[in-house]
Amino acid sequence: MIEIGADGRTWLLSGPTSSYALRLTDRDELLHLHWGPRIALADAEALAAAPTPPERPFESWLDGREEYPVEGGPRFTRPALSVRGGGVRGTEWRFLRWAEGDDDELQLHFTDAVHGLQVTLSYRMRGDVVERCAVLINQAPEGSPELEVLRVDSATWTLPLRERWRLSQLHGRWAAESRLVRSQLTYGERVIGSRRGHTGHQHLPWVALDADGATEERGEVYSCALAWSGSWRISVHQLPDGAVQITGGSGHDDSGQTLLPPGTATATPVFAGLWSDGGFGGASRAWHAYQRAHVIPDADEVRPVLYNSWEATGFDISEEQQRALAGRAAALGVELFVVDDAWFGARVSDRAGLGDWTPNPDRFPGGLKPLADEVHALGMRFGIWVEPEMVNADSDLYRAHPDWVQHHPGRARTEFRNQLVLNLARPDVQNYLWEQLDALLSSAPVDYVKWDFNRCFSDPGWPGEPYPQRLWDGHVHAFYDLVDRLRAAHPGVAFESCSGGGGRIDLGVLARTDQVWTSDNTDPLDRLAIQHGFSQIHPARVMAAWVTDSPNTQLNDRVSSLRFRFVSALAGVLGVGGDLTRWSDDELAEARGWVELYKEIRPVVQLGELYRLRDPDGGLCAVQYVLGDDAVVLAWLPAQAYGQEPAPVRLRGLDPAGVYACRETGEEHRGAVLLHHGLRTGLRGDLDAAVFRLRRIADAADITEAYSGLAQS
Ligand code: GLA
């Protein structure tokens with residue numbers, strides 16, 4: 001809902017529980033007024049009428065108060081917009097008009113007369129999430145010089161003045177992604193981002209800030225997330241007077257630079273912001289609901305249980321072996337069988353074949369169709385792995401087009417994992433990939449594509465192309481276009497985003513993929529922390545989690561029970577990735593039981609509301625999902641100390657006036673008791689885990705009445 005003040009210079013956007021307000025001054029400065037609980041227009045107008053801070057010689061009256069600080073004039077904070085043209089640097093805008101776009105979008109249009117530049121700031125409430133972005137249009141007459149856009153951020157978020165802001169972020173590296181850390185904010189800037197060409201394992205593009213010691217279930221939390229899958233930057237800035245602003249957008253350093261010729265436009269990705277007063281848990285649930293409703297395709301459909309042999313077989317695959325695994329996977333109840341790397345070209349190791357997207361004739365003499373048909377006959381869907389943005393030097397593609405990779409003339413072409421990055425900004429590369437992938441998806445009944453990206457940009461050059469080369473953002477747009485086009489042409493195919501595990505997870509890629517590969521780390525204990533971080537922003541509905549072999553020879557040789565591995569993976573979209581030919585009959589039978597159980601709890605896990613009951617800090621860890629009358633609790637005990645029984649876990653999101661039956665124990669529990677006194681898990685020893693399925697079966701009042709009736713009779 002958008003409301004406008006009487007003089008047409010105050011705007012108030014409201015969601016179910018929150019509001020966002022801004023004000024245009026007489027000098028056309030766009031000031032931030034409010035972001036927080038729902039307020040009325042009169043409240044916003046009262047904020048607008050508040051006296052402005054006194055002008056002081058070394059302070060700007062605008063810093064820390066503006067919606068979108070541009071470079072130029074009395075501003076000393078990090079600018080969201082920096083342009084130059086015709087020998088003039090910076091922006092001095094006049095307000096043009098406001099307009100309402102589709103779906104309650106508020107557009108504010110400004111113009112800079114010297115540059116002939118129109119700047120449009122866009123706001124849209126989706127639930128309580130505010131989506132913001134900026135559009136630049138060069139309106140200078142044809143023949144005028146191009147405008148240099150040095151930086152255009154999507155948005156700047158302004159927080160209310162408070163003491164002691166705390167920053168939460170999700171940091172990591174390969175096999176250790178999305179780990180949550182909190183730290184006190186202090187004066188100056190904290191900058192996170194990626195210089196790598198993809199979102200990166202190092203940070204999810206998300207930050208959360210709280211000032212008054214928010215907890216999991218209580219307190220105000222401000223959080224922001226960027227919808228972009230290339231290099232990016234988010235800066236959290238605490239100014240000398242304590243004001244805090246968060247500025248973010250695509251590109252890091254100068255990698256976002258572009259030239260804007262007259263008559264052209266450029267739009268930023270969305271930078272979304274959420275205010276919540278339900279603590280970190282409430283913020284996560286609001287982000288999950290937003291993504292399910294507005295970002296993730298077909299999010300109300302549950303994802304199938306998959307099998308993938310990558311950890312079991314590596315590059316050593318054959319059609320016969322995959323058939324054998326498919327038979328075993330089907331017997332477990334798996335619904336989607338995915339052939340990972342090494343089915344194509346000369347790809348028998350990571351040294352060759354990337355770029356040649358036709359089945360390896362020795363391994364799949366009849367192409368992929370015979371295997372796909374068999375997988376379908378077994379009642380499963382069929383999926384394949386691809387890594388289209390990359391090429392091995394030892395490939396037909398590279399031999400034919402060595403100039404198609406990112407490189408600088410006369411410089412070394414750096415290889416990681418023996419591969420080079422194709423320059424997707426080139427139209428000929430885009431056409432090649434479209435033709436190859438479209439033909440591949442037409443050649444066999446493929447239902448699922450695991451799309452990988454296994455190295456960072458290191459030589460981002462485009463010989464012959466004048467600077468600034470739009471190679472960084474051009475790559476991301478081409479990747480998005482390719483996936484969008486393939487989805488449109490092959491509507492039955494689902495896509496997974498993978499980048500050596502969780503190197504490409506963000507709201508931009510989630511708008512066009514059905515699930516993501518959370519991490520190459522499938523150790524069930526490490527996963528608890530990775531999943532805990534992931535769940536701060538993204539829902540279980542997209543979080544792929546596999547059960548692999550024990551000991552975990554890929555990573556740490558840790559030995560864990562099938563139970564612990566399964567319960568860890570039940571927290572997301574379940575997959576199995578072990579060598580099923582080596583699992584005993586007992587293990588296969590147990591696994592069949594877990595898959596069956598998962599299918600039963602899957603709607604609650606994938607589509608329900610998540611409550612993090614206990615953090616993975618070494619003691620008992622537990623999460624809970626609630627959907628309607630059903631609740632599922634997953635609990636893990638890494639190591640029991642002193643023979644002591646872990647304290648019961650207090651549940652959340654239940655009806656205190658309800659009675660809940662537990663499938664596992666056969667016990668009935670009163671909601672009020674579960675909420676306050678908790679559920680005993682009975683976990684003991686090392687690496688123990690359990691699932692509890694609870695269903696609301698009655699009103700506590702009815703039962704109490706029945707009991708009192710019994711007592712009276
Ligand atoms: C990446 C992925 C793995 C697997 C390999 C194949 O590392 O994260 O799951 O697909 O590539 O080469």
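Residues numbered from 1 in each chain as written. Predicted model: local features only at pLDDT ≥ 70, side-chain atom pairs only at ≥ 80, totals over all residues. Heavy atoms only, no water.

**Examining the pairing of strand 7 (residues 94-101)**
So, point 1. For strand 7 and strand 8 (residues 105-112), the ladder comprises 7 bridges, and the chain directions are antiparallel. Bridge pairing in strand 8 places phenylalanine 95 opposite phenylalanine 110.
So, point 2. In sequence, strand 7 turns back onto strand 8 through a hairpin of 3 residues, with aspartate 103 there showing a positive phi of about 50 degrees. (Pairing = 2+ DSSP bridges. Helix = DSSP H or I, 4+ residues; strand = E, 2+ residues; numbered from the N terminus.)

**Looking at unusual backbone geometry**
So, point 1. Note that the residue after tyrosine 467, namely proline 468, is joined by a cis bond; omega there is -5 degrees.
So, point 2. Tracing the backbone shows proline 468 in the loop between strand 28 (448-451) and helix 8 (471-489).
So, point 3. In this structure, the amide linkage connecting serine 550 to the following residue, proline 551, adopts the cis form with an omega of -5 degrees.
So, point 4. With respect to the helices, strands and loops of the structure, proline 551 is situated in the loop between strand 31 (543-547) and helix 11 (562-569).
So, point 5. The phi torsion at aspartate 28 lies on the positive side, around 65 degrees, for a residue other than glycine.

**Quick look at the pattern of salt bridges**
So, point 1. Tallying each qualifying case throughout the model produces 42 salt bridges.
So, point 2. Here glutamate 319 and arginine 323 are joined by a salt bridge, their closest N and O atoms 2.7 Å apart. Linking glutamate 319 with arginine 323, this pair stays in helix 4 (residues 319-332), spanning 4 residues, or about one helical turn.
So, point 3. A residue is classified by how much of its surface remains accessible, and glutamate 319, at 12% relative accessible area, is buried.
So, point 4. Taking the relative accessible area as the measure of exposure, arginine 323 reaches 25% and is therefore partly exposed.
So, point 5. A salt bridge links aspartate 523 to arginine 558, with the shortest nitrogen-to-oxygen separation between them at 2.6 Å. Here aspartate 523, found in the loop between strand 30 (515-517) and helix 10 (526-537), pairs with arginine 558, found in the loop between strand 31 and helix 11; they are 35 residues apart in sequence, far enough to count as distant. (Salt bridge = Lys/Arg side-chain N within 4 Å of Asp/Glu carboxyl O. Buried < 20%, exposed > 50% of the residue type's maximum accessible area, 1.4 Å probe, protein only.)

**Concerning the UniProt feature "domain: Glycosyl hydrolase family 36 C-terminal" (unreviewed entry) in the chain**
So, point 1. The feature "domain: Glycosyl hydrolase family 36 C-terminal" (unreviewed entry), as given by UniProt, occupies residues 621-694 in the numbering adopted here.
So, point 2. Between the C-alpha atoms that bound residues 621-694 the distance is 18 Å, and the span itself is 8% helix and 46% strand. (UniProt positions renumbered as here; feature names shortened; annotations may be inferred.)

**Quick notes on the sheet that holds strand 3 (residues 18-24)**
So, point 1. The strand order across the open sheet formed by 4 strands is 1-2-3-4, and the pairing between neighbours is antiparallel. Looking along the sheet, the strands with just one partner apiece sit at the ends: strand 1 (2-4) and strand 4 (30-37). Each adjacent strand pair in this sheet contributes to an overall mean axis angle of 15 degrees, direction not counted.
So, point 2. Sheet topology places strand 1 next to strand 2 (residues 10-14); 3 bridges connect them, and they run antiparallel. (Axes fitted to C-alpha atoms, helices over the stretch in contact; angles between N-to-C directions.)

**Section: the UniProt feature "domain: Glycosyl hydrolase family 36 N-terminal" (unreviewed entry) in the chain**
So, point 1. In the UniProt entry, the feature "domain: Glycosyl hydrolase family 36 N-terminal" (unreviewed entry) is given for residues 29-258.
So, point 2. The distance separating the terminal C-alpha atoms of residues 29-258 is 26 Å; by composition the span is 4% helix and 47% strand.

**Re the sheet that holds strand 28**
So, point 1. One closed barrel accounts for 8 strands, arranged 23-24-25-28-29-30-31-32; its pairing is parallel. Taking each pair of neighbouring strands and ignoring which way they run, the sheet shows an average axis angle of 30 degrees.
So, point 2. Bridge count between strand 31 and strand 32 (residues 573-576): 4 bridges; the pairing is parallel. If you follow alanine 544 over to strand 32, its bridge partner there is valine 573.
So, point 3. Where helix 11 meets the sheet, it contacts strand 31 and strand 32, and its direction lies at approximately 170 degrees from that of strand 31. (Contact = heavy atoms within 4.5 Å.)

**Regarding the site of the ligand**
So, point 1. Close to the ligand lie 13 residues; Asp340, Asp341, Arg417, Lys450 and Asp520 are nearest.
So, point 2. Taking tryptophan 385, its side chain carries an N or O atom lying 3.0 Å from an oxygen atom of the ligand.
So, point 3. Aspartate 520 is positioned such that a nitrogen or oxygen atom in its side chain is 2.5 Å from an oxygen atom of the ligand.
So, point 4. Protein contact buries 96% of the 310 Å² of open area that the ligand shows by itself.
So, point 5. Residue composition of the shell around the ligand, by class: 4 nonpolar, 3 polar and 6 charged. (Near = heavy atom within 4 Å. Polar contact = N/O pair within 3.5 Å; in protein donor to acceptor, adjacent residues only side chain to side chain. Areas by Shrake-Rupley, 256 points an atom, 1.4 Å probe, with all protein chains shown as cover. Nonpolar A, V, L, I, M, F, W, Y, C, P; charged D, E, K, R; others polar.)

**Remarks on the packing of aromatic side chains**
So, point 1. This model, assessed by the stated rule, comprises 27 aromatic pairs.
So, point 2. Their ring planes at 50 degrees and their centres at 6.5 Å tell us that tryptophan 357 and tryptophan 385 sit as a pair that is tilted. Highlighted residues: tryptophan 357 in the loop between strand 24 (336-339) and helix 5 (369-377) and tryptophan 385 in strand 25 (residues 381-386), separated in sequence by 28 residues. Each member of the pair, tryptophan 357 together with tryptophan 385, is buried.
So, point 3. Three or more aromatic residues joined by ring pairs make a cluster, and in this case those are Tyr20, Trp35, Tyr123, Trp157, Trp165, Tyr222 and Phe271. (Phe/Tyr/Trp six-rings, centres within 6.5 Å; stacked < 30°, edge-to-face > 60°.)

**Description of a negative patch on the surface**
So, point 1. Judged by side-chain charge, Glu100, Asp102, Asp103 and Asp104 come together as a negatively charged surface patch.
So, point 2. Turning to its location among the elements, glutamate 100 is positioned in strand 7.
So, point 3. Judged by its relative accessible area of 48%, glutamate 100 is partly exposed. (Patch = residues over 30% accessible without salt bridge, like charges linked within 9 Å, V, L, I, M, F, W, Y side chains within 5 Å. Lys, Arg positive; Asp, Glu negative; His and termini not counted. Charge placed at Lys NZ, Arg CZ, Asp CG, Glu CD.)

**Brief notes about the domain arrangement of the chain**
So, point 1. The domain boundaries assigned to the chain delineate domain 1 (70-294), domain 2 (306-607) and domain 3 (621-712).
So, point 2. Between domain 2 and domain 3, the C-alpha centre-to-centre distance is 38 Å.
So, point 3. Counting residues at the interface gives 21 residues for domain 2, matched by 20 residues for domain 3.
So, point 4. Carbon and sulfur atoms make up 77% of the area that domain 2 and domain 3 hide from each other, which totals about 1,500 Å².
So, point 5. Three residues, Phe564, Val567 and Val604, lead the burial of domain 2 against domain 3; their summed loss comes to 35% of the area buried on that side.
So, point 6. Across the domain 2-domain 3 interface, the total number found is 2 salt bridges. (Domains from an automatic or database assignment. Buried area = accessible area lost by both parts, 1.4 Å probe.)

**Let's talk about the environment of arginine 166**
So, point 1. Relative to the helices and strands, arginine 166 resides in strand 13 (residues 166-171).
So, point 2. Taking C-alpha positions, arginine 166 is 8.2 Å from alanine 208, a pair spaced 42 residues apart along the chain.
So, point 3. Once residues within four sequence positions are removed from consideration, arginine 166 is found in contact with Arg182, Ser183, Gln184, Leu185, Ala208, Leu209, Asp210, Gly213, Ala214 and Phe280.
So, point 4. Side-chain polar atoms of arginine 166 contact the backbone oxygen of alanine 214, separated by 3.0 Å.

**Some points on the side chain of glutamate 71**
So, point 1. In this structure, glutamate 71 sits in the loop between helix 1 (41-49) and strand 5 (81-85).
So, point 2. A polar atom in the side chain of glutamate 71 sits 2.6 Å from the side chain of serine 82.
So, point 3. At 2.9 Å, the side chain of glutamate 71 forms a polar contact with the side chain of arginine 89.

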